[in-house]
Amino acid sequence: MSVEDADPPAAKTSRAGRDLPAAIGVGVGLGAVILVSLLTVRHAFIGVVAIAIAVATWELAGALKRGADIDVARWPVLAGGQAMVWLSWPFGRDGVLAAFVVTILACLLWRLRGGVAGYLRDVTATVFTAAYVPLFASFAAMLVLPADGTYRVLCFLILVVSSDTGGYIAGVLFGKHPMAPTISPKKSWEGFSGSLVAGVVAGGLTVTLMLGGQWWQGVLFGAALVATATLGDLVESVIKRDLGIKDMGTLLPGHGGLMDRMDSLLPSAVVSWLLLRLFIPA
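Criteria and thresholds
- Residues numbered from 1 in each chain as written.
- Predicted model: local features only at pLDDT ≥ 70, side-chain atom pairs only at ≥ 80, totals over all residues.
- Heavy atoms only, no water.
- Helix = DSSP H or I, 4+ residues; strand = E, 2+ residues; numbered from the N terminus.
- Buried < 20%, exposed > 50% of the residue type's maximum accessible area, 1.4 Å probe, protein only.
- Contact = heavy atoms within 4.5 Å.
- Lys, Arg positive; Asp, Glu negative; His and termini not counted.
- Charge placed at Lys NZ, Arg CZ, Asp CG, Glu CD.
- Salt bridge = Lys/Arg side-chain N within 4 Å of Asp/Glu carboxyl O.
- 1 Å grid on protein atoms, 1.4 Å probe; cavity = no way out; pocket = protein on both sides within 12 Å on 5 of 7 lines; lining within 4 Å.
- Points joined across faces, edges and corners; volume = space filled by probe spheres on them.
- Nonpolar A, V, L, I, M, F, W, Y, C, P; charged D, E, K, R; others polar.
- Axes fitted to C-alpha atoms, helices over the stretch in contact; angles between N-to-C directions.
- Parallel < 35°, antiparallel > 145°, perpendicular 65-115°, else oblique.
- Left-handed = near helix turned anticlockwise from the far one by under 90°.
- Core = buried A, V, L, I, M, F, W, Y, C linked by side-chain atoms within 4.5 Å.
- Pairing = 2+ DSSP bridges.

A. Spotlight on the overall build of the protein chain. Looking only at helices and strands, the protein chain has 9 helices and 2 strands in total. Along its sequence from the N terminus, the protein chain presents helices and strands in the succession α-α-α-α-α-β-β-α-α-α-α. Taking the principal axes of the C-alpha coordinates as reference, the protein chain spans close to 60 × 55 × 35 Å. Burial analysis of the protein chain (282 residues in total) assigns 48% to the buried set. Taking contacts inside the protein chain between residues at least 6 apart in sequence as the whole, the part at least 24 apart equals 69%. In the protein chain, the 20 positive side-chain charges and the 18 negative ones have mean positions that sit 6 Å from each other.

Okay, structure coming up:
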């Protein structure tokens, strides 16, 4: 076989199954966008969240359609998701809750056009989509609202990234005991231990140095976010296995879709807002 006939070399993947150079490049790019928004005009971060949830909502709705022929009321969820995020700025959690309730009512009405068949299935998936993506993400937007909001968001993001990175490194180097073999075979208890160590250390440092909190608050914050980040990752793995798909989308090389990167962030945003509000009132 001539050189011209040879197949092109496949992209190098890590032991965890990622195209590592592409994954790192995309991660750095996304991080840069977030940092610029936070360090210039911090409320611009709300716009970043708004764009992210629009893309993620579209991806999740598309995955449900491809994998299970479920029709999510995309347009009401997209519009309602924007309302949730932007109403969080002047009205806080009251604005988010009001927008969420109105979104659900609009989705119930929207789906009536499709008739009786599959109504309950589609409406249930629509409510799940509205809650899991824009509602959860709105808590990330609310993190930036206080005067020290930039540091609150940074604590949240650093913790999730530390958990993911610590788990990835420990899992690749030492992973032998699967954590949930039927859900995510590559996720190991050794990886979870690495996430926990990295998360607790990062939590102790960020909460004390950035927010002036107590070290034990940082430790609890770190442990809680490791738990929610891991839960978010497992939940999305279950969804993808149930639907029979590999990724939610193809937007991000080395990662899949944007929703594939937000899996650990979404539940962690809720817990971050709750705990930081409790530990360090604005």
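B. Structural context of the pattern of salt bridges. Throughout the structure, instances matching the rule amount to 8 salt bridges. Residues K187 and D233 are paired through a salt bridge, measuring 2.7 Å at the closest nitrogen-oxygen approach. One end of the pair, K187, is in strand β2 (residues 184–188); the other, D233, is in helix α7 (residues 215–243), with 46 residues separating them in the sequence. When the shortest N-O distance is used, the salt bridge between D260 and K240 registers 3.0 Å. With D260 in helix α8 (residues 258–262) and K240 in helix α7, the pair connects residues that are 20 residues apart, well separated along the chain. A relative accessible area of 3% places D260 in the buried class. The buried category is assigned to K240, whose relative accessible area is 14%. Each of K65, D69 and D71 takes part in one network of salt bridges that share partners.

C. Region of the structure containing the layout of surface pockets. The computed volume of the second largest pocket comes to approximately 230 Å³. The wall of the second largest pocket is formed by G92, R93, M142, L143, L145, P146, R152, W273, L276, R277 and A282. Breaking the lining of the second largest pocket down by element, the ones donating at least two residues are α3 (74–111), α4 (119–143) and α9 (265–279). With 3 residues, α9 is the single largest residue contributor to the lining of the second largest pocket. Grouping the amino acids of the lining of the second largest pocket by side-chain chemistry returns 7 nonpolar, 1 polar and 3 charged.

D. Geometry of the packing of α7 against α9. Contact geometry for α7 and α9: axes closest at 8 Å, N-to-C directions at 165 degrees. The orientation of α7 with respect to α9, classified from their angle, is roughly antiparallel. In this structure, α7 crosses over α9, and the sense of that crossing is right-handed. Two secondary-structure elements touch here, α7 through W216, Q217, L220, F221, A224, L225, T228, A229 and G232 and α9 through P267, S268, V271, S272, L275, L276 and F279. Across the contact of α7 with α9, the residue classes tally to 11 nonpolar, 5 polar and no charged.

E. Region of the structure containing the nonpolar core. Among the nonpolar cores identified, the biggest contains 66 residues, and F156 and F221 are the most heavily contacted of them. Per-element accounting of this core gives the leading share, 12 residues, to α4. Beyond its immediate chain neighbours, meaning those up to four positions away, F221 contacts C155, F156, L159, V207, S272, L275, L276 and F279.

F. A look at the environment of A68. Note on placement: A68 falls in helix α2 (residues 44–68). C-alpha of A68 to C-alpha of D242: the two residues are 174 residues apart in sequence and 8.6 Å apart in space. In contact with A68, other than residues within four places in its own chain, are A63, R121 and L243.

G. A look at the pairing of β2. In terms of strand pairing, strand β1 (residues 178–180) meets β2 through 2 bridges, oriented antiparallel. Bridge pairing in β2 places P178 opposite S188. Hairpin connection of β1 to β2: 3 residues between the antiparallel strands.

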